[in-house]
Amino acid sequence: MKAFFQWLAATDWFMRAGPRFVPRMDRLVHRLTGGRLVSSGLVPALILVSTGAKSGLPRRTPLACLPEADGGLLVVGSNFGLPAHPAWTFNLLAEPRATVSFRGRDLSVTAALLTGDERALAWPGLLELWPVYARYTEKSGRELRVFRLTPGPVTRGQRE
């Protein structure tokens, strides 16, 4: 099943159509399951709530993530292989403090853009999680932004 969805996600059709329906579907499933799931369920995923860089308003974005042993989460600005970086990456660059809903818990996080050696160390694990990132890199013609989300203080829904 996962191999089929990876194949589908790498098609030109999906890279054009996916941005129109996948985030809406993910937000709906996330809301209906109390924050425990997003639509695909194939990879760990979260809902990022960042502050809009221009608007200052909260922006909710479903993202695949790679949990790290120390509690951090890695996310990739793939934008389905489109040429431009996704808006949420600009939001995190402007204001790195955000919240995530992950596995039914809300966490305060601080985002850091990974570059150089840090990014190089993280990239193989991200490709193992979702090999389609290589196709998105090729198709977009850009280096996909990778952020580490580091948890901060305890927030609603999280046990101490």
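That block above? That's the structure.
Conventions we followed
Residues numbered from 1 in each chain as written. Predicted model: local features only at pLDDT ≥ 70, side-chain atom pairs only at ≥ 80, totals over all residues. Heavy atoms only, no water. Helix = DSSP H or I, 4+ residues; strand = E, 2+ residues; numbered from the N terminus. Buried < 20%, exposed > 50% of the residue type's maximum accessible area, 1.4 Å probe, protein only. Contact = heavy atoms within 4.5 Å. Areas by Shrake-Rupley, 256 points an atom, 1.4 Å probe, with all protein chains shown as cover. Core = buried A, V, L, I, M, F, W, Y, C linked by side-chain atoms within 4.5 Å. Patch = residues over 30% accessible without salt bridge, like charges linked within 9 Å, V, L, I, M, F, W, Y side chains within 5 Å. Salt bridge = Lys/Arg side-chain N within 4 Å of Asp/Glu carboxyl O. Arc of directions from axis to C-beta. Phe/Tyr/Trp six-rings, centres within 6.5 Å; stacked < 30°, edge-to-face > 60°. Lys NZ or Arg CZ within 6 Å of the ring centre and 35° of its normal.

Novice: Honestly, the overall build of the protein chain in this entry has me stumped. Any pointers?
Specialist: If you tally the helices and strands in the protein chain, you get five helices and seven strands. Looking at the protein chain as a whole, 43% of its 160 residues qualify as buried. The long-range share in the protein chain, meaning contacts at least 24 apart out of those at least 6 apart in sequence, stands at 65%. Carbon and sulfur atoms provide 58% of the accessible area of the protein chain, an area that totals close to 8900 Å².

Novice: Whenever I open this one, unusual backbone geometry confuses me. Can you help?
Specialist: One can expect most non-glycine residues to show negative phi and most peptide bonds to be in trans. In this model, Phe 80 sits at a positive phi of 55°, which is unusual for a non-glycine residue. For Phe 80, the location among the structural elements is in the loop between strand 4 (73-77) and helix 3 (87-94). For Phe 80, a relative accessible area of 16% translates into the label buried. Located in the positive-phi region is Arg 103, a residue other than glycine, with phi close to 55°. Within the fold, Arg 103 resides in the loop between strand 5 (97-102) and strand 6 (105-114).

Novice: Help me understand the side chain of Ser 78, please; the structure alone is not making it clear to me.
Specialist: By the element assignment, Ser 78 lies in the loop between strand 4 and helix 3. In this structure Ser 78 comes out as buried when scored by relative accessible area, which is 12%.

Novice: Just checking my understanding: could you explain the side chain of Ser 140 for this structure?
Specialist: Residue placement: Ser 140 occurs in helix 5 (residues 132-140). The buried category is assigned to Ser 140, whose relative accessible area is 11%. Excluding its chain neighbours within four sequence positions, the residues that come into contact with Ser 140 are Gly 81, Leu 82 and Pro 83.

Novice: Just to check I follow, could you spell out the nonpolar core for this structure?
Specialist: Nonpolar side chains tend toward joint burial in soluble globular proteins. Residues Val 76, Trp 123, Leu 126, Trp 130, Tyr 133 and Tyr 136 are the most contacted members of the largest nonpolar core, which totals 17 residues. Every element with two or more residues in this core is listed here: strand 4, helix 4 (116-129) and helix 5. Looking at this core element by element, the count peaks at four residues for helix 4. Other than its neighbours up to four places away in sequence, Val 76 contacts Trp 88, Trp 123, Leu 126, Tyr 133, Leu 144, Arg 145 and Val 146. Core analysis: the next-biggest nonpolar cluster, separate from the first, contains 16 residues, Leu 73, Leu 92, Val 109 and Ala 111 among them.

Novice: What is the right way to look at a nonpolar patch on the surface in this model?
Specialist: Together, Phe 90, Leu 93 and Leu 113 make up an exposed nonpolar region whose accessible area comes to about 250 Å². Within the secondary structure, Leu 93 sits in helix 3.

Novice: Would you explain helix 3 in this entry?
Specialist: In an α-helix, one turn spans 3.6 residues, which is why side chains three or four residues apart end up on the same side. For helix 3, the set of buried residues is Trp 88, Thr 89, Asn 91 and Leu 92. One side of helix 3 carries all its buried residues, which in axial view fall inside an arc of 155°. Helix 3 presents Ala 87 and Ala 94 as exposed residues on the side facing more than 90 degrees away from its buried surface.

Novice: For this particular structure, what's the right way to read the packing of aromatic side chains?
Specialist: Applying the stated criterion across every chain yields a total of two aromatic pairs. With a centroid separation of 5.7 Å and an interplanar angle of 55°, the aromatic rings of Trp 88 and Phe 147 are classed as tilted. Taken together, the positions of Trp 88 in helix 3 and Phe 147 in strand 7 (residues 145-154) put the pair 59 residues apart, joining distant regions of the chain. Judged on exposure class, the residue Trp 88 and its partner Phe 147 are both buried. Between the aromatic rings of Trp 123 and Tyr 133, the centroid separation amounts to 6.2 Å while the plane-to-plane angle is 35°, which identifies the pairing as tilted. Within this pair, whereas Trp 123 is found in helix 4, its partner Tyr 133 is found in helix 5, the two being separated by 10 residues in sequence. Summarising the burial analysis for this pair, Trp 123 and Tyr 133 share the class buried. Directly above the aromatic system of Trp 123 lies the positively charged group of Arg 119, at a separation of 4.4 Å from the ring centroid. A cation over a ring is seen here: Arg 145 above Phe 90, with NZ or CZ 4.6 Å from the ring centre.

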